[in-house]
Amino acid sequence: MSEISRTHPQHNISSPAPLRNRIVRKVLLGNLQDAAEAIERCTDGRDMRSVFAFPALRDELVEGLALMGDSARALAAEDRACMPAVDWRAWDALSLLQAGPAREWRARMWEAMRVLVPATRREVSRYLGRLAETETAARH
């Protein structure tokens, strides 16, 4: 029995789901993983001031956060439940609009990049691995 089945018996990944749903799941999870990796590469070894000093870099990072937020909100509840270490409420509430002082907005974005993004990437990577194992086992 897979770890996912033990943890969440109501969610059986190996059950036949419509191809469209499996494709959408993989696209959303891939978006989360790829955008997170890009954000982490762009922020690695930098502090908040240096990241926000370059408008092109800032814009690219915010686009990555937007993609992650959209993908997180579109992900099925049963998939979210399989990744309890992700702060899904934070993704749901993340606003990329600059309301209020710029310093506060930058601090919110930086916190998302340095805390929410890596935690999400780790969990999504684990979940993708479990999905791949389950799909492989189902084929044999």
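Everything numeric in this text was worked out from a predicted model, so none of it was measured.

Engineer: What should I look at first to understand the overall build of the chain in this one?
Structural biologist: Secondary structure summary: the chain contains 7 helices and 0 strands in total. Ordered by position from the N terminus, the helices and strands of the chain form the series α-α-α-α-α-α-α. Within the chain, the fraction of its 140 residues that count as buried is 37%. Looking at the chain alone, contacts between residues at least 24 apart form 71% of all its contacts between residues at least 6 apart.

Engineer: How should helix α7 (residues 102-139) be read in this particular structure?
Structural biologist: For an α-helix, 3.6 residues make a turn, and residues three or four places apart therefore share a direction. Compared with an ideal rise of 1.5 Å per residue, which puts 38 residues at 56 Å, α7 spans 52 Å between its outermost C-alpha atoms and is within 8% of the ideal. Where α7 bends most, the angle comes to about 35°, and this point is Ala-112.

Engineer: How should I be thinking about the nonpolar core in this particular structure?
Structural biologist: The nonpolar side chains of a soluble globular protein tend to be buried, and buried together. Of all hydrophobic cores here, the largest spans 32 residues; its most connected members are Leu-65, Met-68, Met-83, Trp-91 and Met-113. Those elements giving two or more residues to this core turn out to be α2 (19-43), α3 (48-52), α4 (55-74), α6 (88-93) and α7. It is α7 that contributes the most residues to this core, 10 residues altogether. When residues no more than four places from it in sequence are discounted, the contact partners of Trp-91 are Leu-65, Met-68, Gly-69, Ala-72, Arg-73, Val-86, Leu-116, Val-117 and Thr-120.

Engineer: Quick question: what am I supposed to make of the pattern of salt bridges here?
Structural biologist: In this structure the tally under the stated criterion is 6 salt bridges. Two residues, Asp-70 and Arg-73, come together in a salt bridge whose shortest N-O distance is 3.0 Å. Of this pair, Asp-70 and Arg-73 both sit in helix α4, separated by 3 residues, roughly a single helical turn. The class for Arg-73 is partly exposed, based on a relative accessible area of 38%. Between Arg-126 and Glu-123 there is a salt bridge, with its nearest N and O atoms 2.4 Å apart. Of this pair, Arg-126 and Glu-123 both sit in helix α7, separated by 3 residues, roughly a single helical turn. The exposure class of Glu-123 is buried, given its relative accessible area of 9%.

Engineer: Could you clarify how one ought to interpret the side chain of Thr-134 in this entry?
Structural biologist: Structurally, Thr-134 can be placed in helix α7. A polar side-chain atom of Thr-134 sits 2.9 Å from the main-chain carbonyl oxygen of Arg-130.

Engineer: It is not clear to me how the packing of α2 against α4 should be interpreted in this structure. Could you clarify?
Structural biologist: The angle between the axes and the distance between the axes are what describe a pair of packed helices. Their axes nearest at 9 Å, the elements α2 and α4 cross at an angle of 155°. One way to sum up the angle between α2 and α4 is to call them roughly antiparallel. With respect to the hand of their crossing, α2 and α4 are arranged in left-handed fashion. Where α2 approaches α4, its residues Leu-28, Asn-31, Leu-32, Ala-35, Ala-36, Ile-39, Cys-42 and Thr-43 are matched on the opposing element by Leu-57, Glu-60, Leu-61, Gly-64, Leu-65, Leu-67, Met-68, Ser-71, Ala-72 and Ala-74. Class assignment for the residues of the contact of α2 with α4 results in 13 nonpolar, 4 polar and 1 charged.

Engineer: So what exactly am I meant to see when it comes to the packing of α2 against α7 here?
Structural biologist: At their nearest, the axes of α2 and α7 sit 8 Å apart, and the two run at 140° to each other. Judged by the angle between their axes, α2 and α7 are oblique. In this structure, the crossing between α2 and α7 has a hand that is left-handed. Tallied by class, residues from the contact of α2 with α7 come to 12 nonpolar, 4 polar and 7 charged.

What counts and what doesn't
Residues numbered from 1 in each chain as written. Predicted model: local features only at pLDDT ≥ 70, side-chain atom pairs only at ≥ 80, totals over all residues. Heavy atoms only, no water. Helix = DSSP H or I, 4+ residues; strand = E, 2+ residues; numbered from the N terminus. Buried < 20%, exposed > 50% of the residue type's maximum accessible area, 1.4 Å probe, protein only. Contact = heavy atoms within 4.5 Å. Expected span 1.5 Å × (residues − 1). Bend = angle between axes of the 7 residues up to and from the residue. Core = buried A, V, L, I, M, F, W, Y, C linked by side-chain atoms within 4.5 Å. Salt bridge = Lys/Arg side-chain N within 4 Å of Asp/Glu carboxyl O. Polar contact = N/O pair within 3.5 Å; in protein donor to acceptor, adjacent residues only side chain to side chain. Axes fitted to C-alpha atoms, helices over the stretch in contact; angles between N-to-C directions. Parallel < 35°, antiparallel > 145°, perpendicular 65-115°, else oblique. Left-handed = near helix turned anticlockwise from the far one by under 90°. Nonpolar A, V, L, I, M, F, W, Y, C, P; charged D, E, K, R; others polar.

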